[in-house]
Amino acid sequence: MLNVNKLNQFYGQSHTLWDLSFDVPKNACLCVLGRNGVGKTTLMQSIMGLTASVTGDILFNGDNLVAQPAESRALSGIGYIPQGRQIFSQLSVQENIRTGCFAKGNFNSEMWDRVYSLFPVLATMKNRRGGDLSGGQQQQLAIARALMLEPQLILMDEPTEGIQPTIVQQIGEIIKQLCDEDNMTVVIVEQKLAFARQVGTHFIILDRGRLMASGEMNLLSDELVQKYLTV
Ligand SMILES: Nc1ncnc2c1ncn2[C@@H]1O[C@H](COP(=O)(O)OP(=O)(O)OP(=O)(O)O)[C@@H](O)[C@H]1O
Ligand SMILES: [Mg+2]
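Below: a short report on this structure. Computed from a predicted model, the values in this text were never measured in an experiment. (Residues numbered from 1 in each chain as written. Chains lettered and ligands numbered in written order. Predicted model: local features only at pLDDT ≥ 70, side-chain atom pairs only at ≥ 80, totals over all residues.)

**Considering the overall build of the protein chain**
Each helix and strand in the protein chain was counted, giving nine helices and ten strands. Relative to its 231 residues, the protein chain shows a buried fraction of 40%. For the protein chain, restricting intrachain contacts to residue pairs at least 6 apart in sequence, the fraction spanning at least 24 positions comes to 68%. (Helix = DSSP H or I, 4+ residues; strand = E, 2+ residues; numbered from the N terminus. Buried ≥ 20, exposed ≤ 12 C-beta atoms within 10 Å, placed from the backbone. Contact = placed C-beta atoms within 7 Å.)

**Some words on the environment of Asp 132**
Inspection of the secondary structure assignment puts Asp 132 in the loop between helix H5 (120-124) and helix H6 (135-147). Remark: the alpha-carbon pair of Asp 132 and Asn 5, spanning 127 residues in sequence, is separated by 42 Å.

**Re the pairing of strand E10 (residues 210-216)**
Where strand E9 (residues 202-207) meets E10, six bridges bridge the pair, whose relative direction is antiparallel. Within E10, the residue paired with Ile 205 across the bridge is Ala 213. Between E9 and E10, which follow one another and run antiparallel, lie two residues, and Arg 208 among them has a positive phi close to 45 degrees. (Pairing = 2+ DSSP bridges.)

**Topic: the nonpolar core**
If you look at the biggest cluster of nonpolar residues, it comprises 60 residues, and the most contacted ones within it are Val 32, Ile 154, Leu 155, Val 186 and Ile 188. For this core, the leading source of residues is H6, giving six residues. Apart from residues no more than four positions distant in its own chain, Leu 155 is found in contact with Met 44, Ile 47, Met 48, Ile 78, Gly 79, Tyr 80, Ile 81 and Val 187. (Core = buried A, V, L, I, M, F, W, Y, C linked by C-beta atoms within 7 Å.)

Geometric values such as these leave the question of function open.
Right, dumping it as structure tokens:
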């Protein structure tokens, strides 16, 4: 459902992503792996349309996204959960969730129910300010907000960064449910290898902006981990 072909990205003179080509099958969870600074966030932002100077093709259900602005990518069914969550700290939980539908102008009340059933803690805290939530709750809120547009594809950038283990586990379960029950496809940047192996069906490894390996998750060997992921 997502086919990336010879994707290159530049920050001014700095060539960040080099000829990346990979496919994400429908209902898969692809983990983007790689050490710090190799271009994982830049890749997510390039798929979402948030970086300038991208060449190559990004096909989403066969349509080329490269020339489209971020808003139309969002409306065509791509949700984005940025690294660091970017919750509105002064808005309530409920208001934060509602901002997820602004691009569309209305919201689907069934999706609202689904979001609260996936994250019951958000239902109990709906009038609390976003800034008062724990890191793990904010991450759940960021996922909930992205789900309101009913995306077919969700991009998540390090959703488990700085979060306590019990909530990491819950987020893993939610990602699996989204793929298996809600017919969604997920691309996730992840540094925790055990988590990647648990939720991911496929992986790609980046090193200095280049694709070094890709495949089904069971092909992620100890040699690849040693060579490209251990610090
Ligand atoms: N807005 C920007 N302008 C110029 N260079 C940037 C910009 N954002 C990132 N870079 C550079 O591009 C490279 C890739 O950064 P990116 O944030 O995509 O890496 P990352 O793999 O997500 O890192 P991390 O694991 O720390 O989140 C780095 O060298 C970074 O310094
Ligand atoms: Mg990053």
